[in-house]
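Overview (structure and organization)
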Amino acid sequence: MERGVRDRRAEEIEALQAYYGNDLRRSLRDVRSMSPTSTSPPPKSESEAFDIPLEGPWFLRIRQTNMEDDGSGDINFSLGTPTLEIRLPPCYPLGEARPEPILHNVMMNPQLKQQLLRELTEMYEAEIDVGILWGERCREELSFGELTGVNEDADEYNANSNQGTASLMKSDGDNSKGIRTFIPPTTRYSQPIRHFPVDVITNSKYQRMMVHTLPFHPPKSGPSEIMIAHVCTVTCIEHVQWALAELLFNDKKVSKATHNMFAYRFTSDGSHFSDNDDDGEKGSGSKLASLLDMCHVENVLVVVSRWFGGSLLGPARFKWIAGVAKDGLVQGGFLAENK
């Protein structure tokens, strides 16, 4: 196995274990042995069950987010535990060959099942980690009743296949309108999974007009290094949510950026609100927040998308990020050009 492939798989396994805990297993036997009615022999030790092989396949238990787990994994399913198996080609995730998804212990319409598997396969592109992406897609697509075979008429929550990693799923709380989840295309750059309320991001009254700067290529950076700023007026948190969702769900290029760091500030009913987010680029959010403060701009959201070009820029990257953001503020009319 090539070193680059080995390192990327090790990073993805670490991310999967952090996100799913003991739902990530080394074999289907380990999944089956966790059922109290199972006759399969348990793994020799707990460490054996969690020693996930780099070469795969990987096995991920698919469960609803609102299902409680006491840590033992003893949840009784009549068909066994619904499980996603991920079979990896030798070059994954750096090559064009696609990993293969297989669903075990799932009772659903065969045509719908094949459609879901085909959708998962088509999600893959070189350099994209599919573990969390596929796991969340399965969990969101299938209701608890469909997974266990208890209720084949359960409601379906289908994502628009043309909107990248965007997906519609049932809310864990009382908000039946649901949320939309953005899953970054890779876990390599520590970008967080983001959730947006559907009743906000689909409401036209929160729609924003955004200004986008021209692509900027920092000096002495890699050939594909690019930064772009996106700026709009905001006067409430719903405006911020709508704008971020618009970029992540409806701009395929932005959705695949290495980082989409942002900062905002606005005043509403006499109260001041502000926040920022690094999106995996540690320290960048606070730099953008400082820029907004120093420029004395109000009621604004600035997002800077960065596509890493392969060369480390060091501390200089913050100068370029702030510079691109300032250009966006000028272009959006929030700041005088010579200020």
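Residues numbered from 1 in each chain as written. Predicted model: local features only at pLDDT ≥ 70, side-chain atom pairs only at ≥ 80, totals over all residues. Heavy atoms only, no water.

So, about helix 4 (residues 110–123). A rise of 1.5 Å per residue sets the reference length of helix 4, with its 14 residues, at 20 Å; its end C-alpha atoms lie 20 Å apart and thus fit the reference within 8%. Leu116, Leu117, Glu119, Leu120 and Met123 are the residues of helix 4 that are buried. Buried residues of helix 4, viewed axially, fall in a sector of 160 degrees; they line one side. Those residues of helix 4 that are exposed and angled more than 90 degrees off the buried face are Pro110, Gln111 and Glu122. Packed against the buried residues of helix 4 are strand 3 (83–87), strand 4 (100–104) and helix 5 (131–141). (Helix = DSSP H or I, 4+ residues; strand = E, 2+ residues; numbered from the N terminus. Expected span 1.5 Å × (residues − 1). Buried < 20%, exposed > 50% of the residue type's maximum accessible area, 1.4 Å probe, protein only. Arc of directions from axis to C-beta. Contact = heavy atoms within 4.5 Å.)

A few words now on the nonpolar core. Counting residues in hydrophobic clusters, the biggest one holds 27 residues, and the most contacted among them are Leu24, Trp58, Leu84, Leu103, Leu120, Trp134 and Cys138. Of all elements in the fold, only helix 1 (3–20), strand 2 (58–61), strand 3, helix 4 and helix 5 reach the threshold of two or more residues within this core. (Core = buried A, V, L, I, M, F, W, Y, C linked by side-chain atoms within 4.5 Å.)

Of the two faces of strand 6 (residues 179–182), both are covered, the one formed by Ile179 and Thr181 as well as the one formed by Arg180 and Phe182. Where strand 6 meets strand 7 (residues 194–197), four bridges bridge the pair, whose relative direction is antiparallel. Residue pairing for strand 7: Thr181 is matched across the bridge by His195. (Pairing = 2+ DSSP bridges.)

Reading across the sheet, the four strands line up as 1-2-3-4 and stay open at both edges, with antiparallel pairing between neighbours. Here the strands that pair on one side only, and so sit at the sheet edges, are strand 1 (24–25) and strand 4. Bridge count for strand 2 against strand 3 is four bridges, and the pairing is antiparallel. Paired with Leu60 across the two strands is Leu84, which belongs to strand 3. Sheet contacts for helix 1: strand 1 and strand 2; angle to strand 2, the most-contacted strand, approximately 15 degrees. Together, strand 2, strand 3 and strand 4 form the strand contacts of helix 5, whose direction differs from that of strand 3 by roughly 150 degrees. (Axes fitted to C-alpha atoms, helices over the stretch in contact; angles between N-to-C directions.)

To continue, consider helix 1. An ideal rise of 1.5 Å per residue puts 26 Å on 18 residues; helix 1 measures up with 25 Å between its terminal C-alpha atoms. Along helix 1, the residues classified as buried are Val5, Arg8, Arg9, Glu12, Ile13, Ala15, Leu16 and Tyr20. Taken end-on, helix 1 shows its buried residues confined to a sector of 165 degrees, consistent with a single buried face. Turned more than 90 degrees away from the buried face of helix 1 sit Arg3, Glu14 and Ala18, all of them exposed. Gly21 lies just past helix 1 and shows a positive phi near 60 degrees.

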